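Chain and residue survey
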Amino acid sequence: MSTLAVRARPRFTTGPLPILAACLLWGTTGTASSFAPASAPAAAVGAAGLVLGGLLLFLTARGARSVLRTADRRLLLLGAVTVAGYVLAFYPAVERTGVAVATTVALATAPIVLGVRTRPLLTSTAVAGCAALVLGGGGAHVDLVGVALALVAGLSYAAYSVVCAHLIGLGHPSRAVVGTVFGGASLLTAPLLWWLGTGWLATPAGLGVTAHLALFTTFLAYLLFGLGLRHTSAATATTLTLAEPAVAAVLGVVVLHERLPLASWCGLAVLTLALTALTRP
């Protein structure tokens, strides 16, 4: 029994499975956020999850102080700024141009920037499947400012992934790197949360949604993502995160009783096949 357990553990920790597990958690973001109080601005909901989740990541990360002393602080600052930048750009993008367009642009940017050169066919197929899944229903509203903000969010996510993968590749513990970067992002985002207002956090719905975003879609999800980056390139990792809208779509059907058109189901199938191929060496 013990031998089997020792052999089974590396199969999860050394491959892309932690990243896919993180995607499962990220995919719950939209469903969970839908239960937030109507008085809560979308950006405030995202900021609250990042502030609390980032603080938890830093406080529970063994070796974070060592990373602060020995790692390149310019890279740590860049990582913190890009993590905060994703939240600050993505949620306003959703408000301006809608969930479908903002999600497609933001999630597709990083794989296109990082993954096309290394695995062009699979990356392009995954991006196309994601676009068909999210935009398959038609009626998308394109706002140029919103698209630009989503593009900034996607580039921020790509930069964060590269920074963390580089620091982890230098030998720093993944949990310490993620904790340090997100601790910095938490400090940068806290003033925005205060400015947007925190009164909605005192409600049961506000507390519940924030707790879910902080504990599951930030704390646990980014621990898994950092673990996956130890043995997965940033290019492959960002492409695998296209699984997030697939999870969100399925949850929308099951939990929120939404309907997906045929084009979206076809996109989901294409995306699933591409991501399955990417998980193989």
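For the structure itself, consult the block above.
Notes on the structure in this doc start here. The residue count restarts for each chain, going from 1 along the sequence in the order it is written. Only residues with pLDDT of 70 or above have their local features reported here, since the model is predicted, and side-chain atom pairs are shown and tallied only from 80 upward, although totals for entire chains, interfaces and linings are computed over all residues. As a convention, hydrogens and water are excluded, and side-chain values are obtained from all of the structure's heavy atoms.

Remarks on the overall build of the protein
A run of H or I in DSSP becomes a helix once it reaches four residues, and a run of E becomes a strand once it reaches two; helices and strands are each numbered from the N terminus. Broken down by element type, the protein carries 14 helices and 0 strands. Listed by position from the N terminus, the elements making up the protein come as α-α-α-α-α-α-α-α-α-α-α-α-α-α. Counting across all 281 residues of the protein, residues that qualify as buried make up 49%. Note on contacts: a residue pair qualifies if any of its non-hydrogen atoms lie within 4.5 Å across the two residues. If you take every contact in the protein between residues at least 6 apart in sequence, the share linking residues at least 24 apart comes to 89%. Only carbon and sulfur atoms are counted for the fraction: they give 69% of the accessible area of the protein, which is about 13400 Å². When accessible area is computed with a 1.4 Å probe and restricted to protein chains, residues below 20% of their type maximum are described as buried, those above 50% as exposed, and intermediate ones as partly exposed. Here, Shrake-Rupley sampling with a 1.4 Å probe gives the accessible areas, and only protein chains in the shown set may cover a residue.

Some details on the nonpolar core
Core analysis: the biggest nonpolar cluster contains 66 residues, and Trp26, Tyr160, Val181, Phe182, Tyr222, Phe225 and Leu271 have the highest contact counts within it. The residues touching tyrosine 222, leaving out its near neighbours within four places in the chain, are Trp26, Leu57, Tyr160, Val178, Phe182 and Thr217. Nonpolar cores were defined as sets of buried Ala, Val, Leu, Ile, Met, Phe, Trp, Tyr and Cys residues, with membership established by side-chain atoms within 4.5 Å. By size, the runner-up hydrophobic cluster in this structure holds 12 residues, among which are Ala36, Leu193, Val209 and Leu213.

Considerations on helix α9 (residues 144-169)
An α-helix turns once every 3.6 residues. As a result, residues three or four positions apart point the same way. A helix is expected to span 1.5 Å multiplied by its residue count minus one. Over its 26 residues, α9 runs 37 Å from end to end, which matches the ideal 38 Å to within 8%, given 1.5 Å per residue. Positioned one or two residues after α9, glycine 171 has a phi angle of 110 degrees, which is positive.

Thoughts on the environment of leucine 107
Along the polypeptide, leucine 107 turns up in helix α7 (residues 99-115). A residue is classified by how much of its surface remains accessible, and leucine 107, at 7% relative accessible area, is buried. Sequence separation of leucine 107 and leucine 151 is 44 residues, and the distance between their C-alpha atoms is 8.9 Å. Filtering out sequence-adjacent residues up to four positions away, leucine 107 remains in contact with Leu242, Glu244 and Pro245.

Here's the deal with a nonpolar patch on the surface
Like charges are joined within 9 Å and nonpolar side chains (Val, Leu, Ile, Met, Phe, Trp, Tyr) within 5 Å, but only among residues with over 30% relative accessible area and no salt bridge; these make up the patches. Any Lys or Arg side-chain nitrogen found within 4 Å of a carboxyl oxygen on Asp or Glu counts as a salt bridge. Nonpolar side chains collect at one region of the surface, where Phe35, Val250, Val254 and Val255 lie side by side and expose about 350 Å² of accessible area between them. Mapping valine 255 onto the fold places it in the loop between α13 (243-254) and α14 (262-278). For valine 255, a relative accessible area of 39% corresponds to the partly exposed category.

A closer look at the side chain of threonine 82
Among the secondary structure elements, threonine 82 is positioned in helix α6 (residues 73-97). Definition of a polar contact: a pair of N or O atoms within 3.5 Å, with one able to donate and the other able to accept a hydrogen when the atoms are protein atoms, and with sequence-neighbouring residues admitted only if both atoms are side-chain atoms. A polar contact is formed between the side chain of threonine 82 and the backbone oxygen of glycine 79, at a distance of 2.9 Å. Beyond its immediate chain neighbours, meaning those up to four positions away, threonine 82 contacts Ser156, Ala159 and Tyr160.

As for helix α2 (residues 17-26)
By the criterion of burial, α2 is predominantly enclosed, with 7 of the 10 residues buried. When α2 is considered as a whole, its buried residues turn out to be Pro18, Ile19, Ala21, Ala22, Cys23, Leu25 and Trp26.

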